Amino acid sequence: MKTQNIVPLLLLASCCVIGAQSDPNTIATTQAKPPQIGGNNGAEVVTLTNVPASREIRLAAGQACILRLPGGKTVALWCAQARGIPAVLDDGDLTFDYGEEPFKELKSEEIRLPGGGVTYGEYLSYIRQGPVISTDHTREYVLYVDNYALSIVNKDRGESGKALDLTISIRQATGKEIIPPKQEREHYLQALHSTDPKIRLEAIQQLGEMVSLGSIYAGNHLEIADAIRPFLKDE
């Protein structure tokens, strides 16, 4: 999960990939070269060739792996000791972080608020964060890269141990998931004028959610209300 200040300086470690759950021809594993400046920091590379696919990986504290997605883009995962908020959320000794490269945290877009405050939006990256889904014993993080949805399930939530067991799955993202949050407002405002009543209804619902949930990309709420009002009697 995303945390602050978990940046090990130079760790010559690799992840151990175990127990494939998909066709072995869909995921290939290759050992990266020794760490170099701008290299893989000793992380093992897991190449995802076909979609959908799933894989089990195990990471000890200080270990990392690189997931190479179809198209060539990468998502790096690394494991660290859980401290502060991550320790409370995951209720365990270990947690994980992710980025484009091992041990390099993603930075977020800084958004100035009308009152002078600051909030943070999308990552300044091709990686987009999706929902986080929790159960009693697992926590699932969904990431989006281009047209792909990457699921990372931490199965050790609340457990103590020397390694973190993760289930990695990749699939095609849905049409709704492909839309970046900062483009949702314009997308659904245009969808209000569709000739398909189902698309118009979805647009009304999504715009309403943006306002009610306080999306930082919702813009002027009155403009959204004015855009929706003529269609409410029709839906």
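About the criteria used
Residues numbered from 1 in each chain as written. Predicted model: local features only at pLDDT ≥ 70, side-chain atom pairs only at ≥ 80, totals over all residues. Heavy atoms only, no water. Helix = DSSP H or I, 4+ residues; strand = E, 2+ residues; numbered from the N terminus. Buried < 20%, exposed > 50% of the residue type's maximum accessible area, 1.4 Å probe, protein only. Contact = heavy atoms within 4.5 Å. Areas by Shrake-Rupley, 256 points an atom, 1.4 Å probe, with all protein chains shown as cover. Axes fitted to C-alpha atoms, helices over the stretch in contact; angles between N-to-C directions. Parallel < 35°, antiparallel > 145°, perpendicular 65-115°, else oblique. Left-handed = near helix turned anticlockwise from the far one by under 90°. Pairing = 2+ DSSP bridges. Salt bridge = Lys/Arg side-chain N within 4 Å of Asp/Glu carboxyl O. pLDDT = per-residue confidence, 0-100. Core = buried A, V, L, I, M, F, W, Y, C linked by side-chain atoms within 4.5 Å.

Caption draft 1: Seen up close, the overall build of the protein chain. Helices and strands together make up the secondary structure of the protein chain, namely five helices and 13 strands. Within the protein chain, the fraction of its 235 residues that count as buried is 42%. Contacts in the protein chain between residues at least 24 apart in sequence constitute 50% of all its contacts with a sequence separation of at least 6. When the accessible surface of the protein chain is split by element, carbon and sulfur atoms take 53% of a total near 12800 Å².

Caption draft 2: Inspection of the packing of helix α4 (residues 197–212) against helix α5 (residues 221–232) at higher detail. Between α4 and α5, the shortest axis-to-axis distance is 10 Å and the interhelical angle comes to 150°. For the element pair α4 / α5, the angle class is roughly antiparallel. For the element pair α4 and α5, the recorded crossing hand is left-handed. Along its contact with α4, which presents R200, I204, L207, G208 and V211, the element α5 presents H221, I224, I228, F231 and L232.

Caption draft 3: Inspection of the environment of Q205 at higher detail. Along the polypeptide, Q205 turns up in helix α4. Each C-alpha atom, one on Q205 and one on I228, is 9.7 Å from the other, the two residues being 23 residues apart in sequence.

Caption draft 4: Expanded view of the environment of L150. The topology assignment puts L150 in strand β12 (residues 148–154). In this view, L150 contacts L48, L67, V75, Y141, V142, L143, I168, S169 and I170; residues no more than four positions away in its chain are not counted.

Caption draft 5: Representation of the pairing of strand β13 (residues 163–172) in the model. Judged from the eight bridges that link them, strand β4 (residues 53–60) and β13 form a sheet pairing that is antiparallel. Paired with S54 across the bridge in β13 is S169.

Caption draft 6: A look at the pairing of strand β8 (residues 108–112). Here β8 pairs with strand β9 (residues 118–123) via four bridges, running antiparallel. Following the sheet pairing, R112 is matched in β9 by V118. With antiparallel pairing between neighbouring strands as the criterion, β8 and β9 make up a hairpin whose turn holds five residues, including G116 at a positive phi of roughly 100°.

Caption draft 7: Structural detail: the pattern of salt bridges. Applying the stated criterion across every chain yields a total of seven salt bridges. For E177, the salt bridge is made with R171, and the minimal N-O distance between the two is 2.8 Å. Residue classification places E177 among the buried positions, given a relative accessible area of 16%. Residue D226 pairs with R229 through a salt bridge whose shortest N-O separation is 2.8 Å.

Caption draft 8: Layout of the confidence of the model for the protein chain. Here the protein chain shows a mean pLDDT of 79. Residues at 70 or above account for 75%. Mean pLDDT per element in the protein chain: strand β1 (residues 16–18) is the minimum at 37, and strand β5 (residues 64–68) is the maximum at 95.

Caption draft 9: Structural context of the nonpolar core. V75, L77, Y98 and L166 are the most contacted members of the largest nonpolar core, which has 27 residues in total. Of all elements in the fold, only β3 (44–48), β4, β5, β6 (74–81), β7 (94–99), β11 (139–145), β12 and β13 reach the threshold of two or more residues within this core. Examining the composition of this core, we find that four residues originate from one element, β13, more than from any other. Setting aside residues no more than four positions away along its own chain, V75 makes contact with C65, I66, L67, L69, Y98, G99, I127, L143, V145 and L150. In this structure, I179, A218, I228 and F231 belong to the second largest nonpolar core, which totals 15 residues.

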